Amino acid sequence: MITPVTLIGGGPGAWDLITLRGARALAQADVILTDHLGPTPYLETIVADFGGDLATIEVIDVAKLPYGRSVAQEKINELLVCYARDGKRVARLKGGDPYVFGRGFEEMIALAEAGIPCEVIPGVTSAVSVPAAAGVPVTHRGVTHSFTVVSGHVAPGDERSLTDFDALARVGGTIVVIMGARHVQAICERLVAAGLAADTPAVAVMEGTTDGQRCVRATAATLPAAMAEAGITAPVVYAIGEVAGLSLLAGMG
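Residues numbered from 1 in each chain as written. Predicted model: local features only at pLDDT ≥ 70, side-chain atom pairs only at ≥ 80, totals over all residues. Heavy atoms only, no water.

Labelled according to an unreviewed UniProt entry, the protein appears under the name uroporphyrinogen-III C-methyltransferase, originating from Corynebacterium uterequi. In UniProt, the protein has this text filed under Sequence similarities (unreviewed entry): "Belongs to the precorrin methyltransferase family." (UniProt positions renumbered as here; feature names shortened; annotations may be inferred.)

Shown next, in the form of structure tokens:
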């Protein structure tokens, strides 16, 4: 008997920022495939709060560590299909939202091709919630009416990049970069070279929403050096725009 798979967005890190629907699905699962980010370390608490027992659930770590150990996406897809075909209730727990740079739709496609139904439970994306945790709204009336979220996992100019950083420098609004710790120098230099004011306020938030949250404030030109000096590394979200410099927010994070 084939059972549906549940694709769950686990939120930005704090265990209680997962949705109620997502937590309930975890408690009802037979198998949970987990990522590195999100509330994975708190599975026992989440499952117990919704009447489950983690000791009865098979938990499989399929994390993709940045520039480190990684489980191939094809293997993850295979596990999802195999467990579902065995009649197991499978929960796929991903950090943030499954469809915001989470490769969730790739897993949905693999399941659909195998004839397996899948429910998607959205999650709170770090692109918005992590700046908010440091007191930074990505939009604010009278300051900016837009924000753009980009992945920084490849540098500007890399043939794999699908982002027009030159256009991004001119579009206005707030620029939010996730997965961009390694290439912050190249990204900031490209944005400034393309016309973004060097003194545009910027903020970087590491391990946002968790007890380990750390924050550094700078400008588009000085952000890389400020992050290096403060020891800000992945996982980090940085936002560049006028909202990062609102005086009311000074000292938060």
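A.B. asks: Could you give an account of the pattern of salt bridges, naming the residues involved and the relevant values?
C.D. replies: All chains considered together, the criterion is met by ten salt bridges. With a closest N to O distance of 3.0 Å, Glu106 and Arg103 form a salt bridge. Bridged by salt links that share partners, the residues Asp35, Arg92, Lys94 and Glu107 form one connected network. (Salt bridge = Lys/Arg side-chain N within 4 Å of Asp/Glu carboxyl O.)

A.B. asks: I'd like a rundown of the sheet that holds strand E4 (residues 90-94), residues and numbers included.
C.D. replies: With parallel pairing, five strands are arranged side by side in an open sheet as E3-E2-E4-E1-E5. Each of the sheet's edge strands pairs with one partner strand only, and the pair in question is strand E3 (58-61) and strand E5 (118-121). Each strand of the sheet is rotated relative to its neighbour by a mean of 20 degrees, with strand direction disregarded. Of the pairings in the sheet, the one linking strand E1 (residues 5-9) to E5 comprises four bridges and is parallel in character. Bridge assignment links Val5 to a residue of E5, and that residue is Cys118. Its contacts with the sheet place helix H3 (residues 73-85) against E1, strand E2 (31-34), E3 and E4, and it is angled at close to 155 degrees to E4. (Pairing = 2+ DSSP bridges. Helix = DSSP H or I, 4+ residues; strand = E, 2+ residues; numbered from the N terminus. Axes fitted to C-alpha atoms, helices over the stretch in contact; angles between N-to-C directions. Contact = heavy atoms within 4.5 Å.)

A.B. asks: Quick rundown of the domain arrangement of the protein? Include the residues and the values.
C.D. replies: Along its sequence, the protein is organised into domain 1 (5-121) and domain 2 (126-245). For domain 1 versus domain 2, the distance between C-alpha centres works out to 28 Å. Between the two partners, domain 1 and domain 2, sit zero salt bridges. At the junction of domain 1 with domain 2, the criterion picks out one residue pair in polar contact (both at pLDDT 80 or more). (Domains from an automatic or database assignment. Polar contact = N/O pair within 3.5 Å; in protein donor to acceptor, adjacent residues only side chain to side chain.)

A.B. asks: I'd like a description of the sheet that holds strand E10 (residues 236-240), backed by residues and values.
C.D. replies: Spatially, the five strands line up as an open sheet ordered E6-E7-E10-E8-E9, and their pairing is mixed. Edge positions in the sheet fall to strand E6 (147-151) and strand E9 (214-219), since each has one partner strand and no second. Ignoring strand direction, the axes of neighbouring strands in this sheet form an average angle of 15 degrees. Sheet topology note: the strand E8 (residues 201-206)/E10 ladder contains five bridges and is antiparallel. Bridge assignment links Ala202 to a residue of E10, and that residue is Ile240. Contacting E8, E9 and E10, helix H8 (residues 223-230) crosses the sheet at an angle of about 150 degrees to E9.

A.B. asks: Report on the packing of aromatic side chains, specifying residues and quantitative values.
C.D. replies: What describes a pair of aromatic rings is the distance from one ring centre to the other and the angle between the planes of the rings. Scanning the entire structure with this criterion turns up one aromatic pair. Where Tyr99 meets Phe105, the ring centres are 5.8 Å apart and the plane angle is 85 degrees; that geometry is what we call edge-to-face. Tyr99 sits in the partly exposed class, given a relative accessible area of 41%. Using a relative accessible area of 51% as the deciding quantity, one classes Phe105 as exposed. (Phe/Tyr/Trp six-rings, centres within 6.5 Å; stacked < 30°, edge-to-face > 60°. Buried < 20%, exposed > 50% of the residue type's maximum accessible area, 1.4 Å probe, protein only.)

A.B. asks: Just give me the short version of the layout of surface pockets, but keep the residues and values in it.
C.D. replies: Considering only enclosed or pocket space, the second largest pocket measures out at about 170 Å³ in volume. Those elements giving two or more residues to the lining of the second largest pocket turn out to be helix H1 (20-27), E4 and E5. Broken down by element, the lining of the second largest pocket gets its largest block of residues, three residues, from H1. By residue class, the composition of the lining of the second largest pocket is six nonpolar, two polar and four charged. (1 Å grid on protein atoms, 1.4 Å probe; cavity = no way out; pocket = protein on both sides within 12 Å on 5 of 7 lines; lining within 4 Å. Points joined across faces, edges and corners; volume = space filled by probe spheres on them. Nonpolar A, V, L, I, M, F, W, Y, C, P; charged D, E, K, R; others polar.)

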